[in-house]
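Structure at a glance
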Amino acid sequence: MKSVNTDMQPKRARYVIIGAGFAGAATAYQLILQGVRQLVIIEQEAVAGFHSSGRNAGFIRQVLAEPSVADLAVQSAKFIRQLPRDWPSPVSYNSIGSLIVGCGQQWEALRNDANLARQRGLAVECWSPHKAREAMPLLQDAVLDGAIWCASDGAIDIHALLSGYLKVAQSGGAVIHYDTKVTEVRSRNGHIQGVGTDHGFFEADVVVNAAGPWAGPVGVMAGATPITF
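What you see as residue numbers is a count from 1 along each chain, following the sequence as written. Note on the predicted model: pLDDT of at least 70 is required for a residue's local features to be given, and 80 or more for side-chain atom pairs to be given and counted; whole-chain, interface and lining totals, by contrast, use all residues. The side-chain numbers reported here are obtained from all heavy atoms of the structure, hydrogens and water having been left aside.

Some thoughts on the overall build of the protein
- Strands are runs of DSSP state E lasting at least two residues, helices are runs of H or I lasting at least four, and both sets are numbered from the N terminus onward. Looking only at helices and strands, the protein has seven helices and 12 strands in total.
- Summary of the burial criterion: residues with accessible area below 20% of their type's maximum are buried, those above 50% are exposed, and those between are partly exposed, where the area comes from a 1.4 Å probe applied to protein chains only. Buried residues in the protein amount to 39% of all 229 residues.
- Restricting to contacts in the protein with at least 6 residues of sequence separation, those with at least 24 account for 69%.
- With residues, only the protein chains shown are counted as cover, and all accessible areas are computed by Shrake-Rupley using a 1.4 Å probe. For the protein, the accessible area works out to roughly 12600 Å², and carbon and sulfur atoms hold 53% of it.
- Charge convention: Lys and Arg are scored as positive, Asp and Glu as negative, and His as well as the terminal groups of each chain are ignored. For this purpose, a charge sits on NZ of Lys, CZ of Arg, CG of Asp or CD of Glu. Charge-centre separation for the protein: the mean point of 19 positive side chains lies 5 Å from the mean point of 19 negative side chains. Note on contacts: a residue pair qualifies if any of its non-hydrogen atoms lie within 4.5 Å across the two residues.

In structure tokens form, the structure reads like this:
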């Protein structure tokens, strides 16, 4: 999916989203649904999803330790299984299930995660080592105290999903600028002024940093503290 970059296009936007991967595309989709217009997405590559978004495992896992992340995972799986009627293209969801094994303290943590998943309405089972080895012969020599089975986890068509988000956003008026690199995030007195790129400056009231692996450097451009490990 491509959009043509020209200097004739407006350089003023209510929202500028940096990055056309899943984070940026899904944000644009939700903003368009809420009636936002004057929305620009800036993507440094020639196509969307060239890096992390296009190379992930394409797997939905819903049994997670962090409550907020787990809630998002459950909601995301439901959304993908029941896409809106006007979604532009089919997105396959193959519910092949997932098996998570653990031992010692890790197993105790997994059991807690499973209990929380049940509270969210997921059909989750705690399996004995014997049952896990019966289902997965590759585990015969593995050291484990048990396993968590979640049948509703599954694989998705990530490219169709990303394309759908962007198509809906564009149909609602969003403009995508590919092959466009961010050179600055300008602010004054704590207020965002806009985003500078190698194709000109975009004035904006709100800038969304969805730059994936480049989110750190983009944040530094906006005056954020560098992330260190």
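Remarks on helix H6 (residues 158–171)
- Each helix should span, by expectation, one fewer than its residue count multiplied by 1.5 Å. A rise of 1.5 Å per residue sets the reference length of H6, with its 14 residues, at 20 Å; its end C-alpha atoms lie 20 Å apart and thus fit the reference within 8%.
- Contact partners of the buried residues in H6: helix H1 (22–33), strand E2 (39–42), helix H2 (52–55), helix H3 (67–81), strand E8 (154–156) and strand E9 (175–177).
- We call two N or O atoms a polar contact when they sit within 3.5 Å, provided that within protein one can donate a hydrogen and the other can accept it, with sequence-adjacent residues counted only if both atoms are side-chain atoms. Taking the backbone nitrogen of His159 as reference, a side-chain oxygen 3.3 Å away marks Asp157 as the first, capping residue of H6.

Some thoughts on the confidence of the model for the protein
- Summarising the model, the protein shows a mean pLDDT of 92, and 95% of its residues fall at 70 or more.
- Within the protein, no element has a lower average pLDDT than H2, which sits at 82, and none a higher one than strand E7 (residues 146–150), at 98.
- Known as pLDDT, the predictor's confidence for each residue is given on a scale from 0 to 100. Across residues 1–8 the pLDDT falls below 50, and counting only partners more than four positions away or on other chains, this stretch makes 18 contacts in the model.

A look at the sheet that holds strand E10 (residues 182–188)
- Strand pairing follows a simple DSSP-based rule, namely that at least 2 bridges must link the two strands. A sheet is described by the order of its strands in space; here six strands give the open sequence E9-E2-E1-E12-E11-E10, paired in mixed fashion. Each edge of the open sheet is held by one strand with a lone partner, namely E9 and E10. Strand after strand, the sheet turns through a mean of 40° between neighbouring axes, direction not considered.
- Of the pairings in the sheet, the one linking strand E1 (residues 12–18) to E2 comprises four bridges and is parallel in character. From the neighbouring strand, Ile17 faces E2, where its bridge partner is Ile41. To define axes, lines are fitted to C-alpha atoms, for helices over the stretch in contact only, and angles between the resulting N-to-C directions are given on a 0 to 180 degree scale.

A closer look at the sheet that holds E7
- The strand order E5-E7-E6 describes an open sheet built from three strands, whose pairing is antiparallel. Either end of the sheet is taken by a strand with one partner, and the two such strands are strand E5 (98–102) and strand E6 (124–127). Averaged over all pairs of adjacent strands, the angle between their axes in this sheet comes to 20°, without regard to strand direction.
- Sheet topology note: the E5/E7 ladder contains five bridges and is antiparallel. Bridged to Leu99 within E7 is Trp149.
- Sheet strands touched by helix H4 (residues 105–119): E5, E6 and E7. Its angle to E6, the strand with the most contacts, is close to 155°.

A short note on the state of the cysteines
- What counts as a disulfide here is a pair of cysteine sulfur atoms lying within 2.5 Å. Counting across every chain of the model gives zero disulfides.
- Unpaired in terms of disulfides, Cys103 finds its nearest cysteine sulfur in Cys126, a separation of 15 Å.
- For Cys103, a relative accessible area of 31% puts it in the partly exposed group.
- In this structure Cys126 is not part of a disulfide, and its nearest cysteine sulfur, from Cys150, lies 11 Å away.
- For Cys126, a relative accessible area of 36% corresponds to the partly exposed category.

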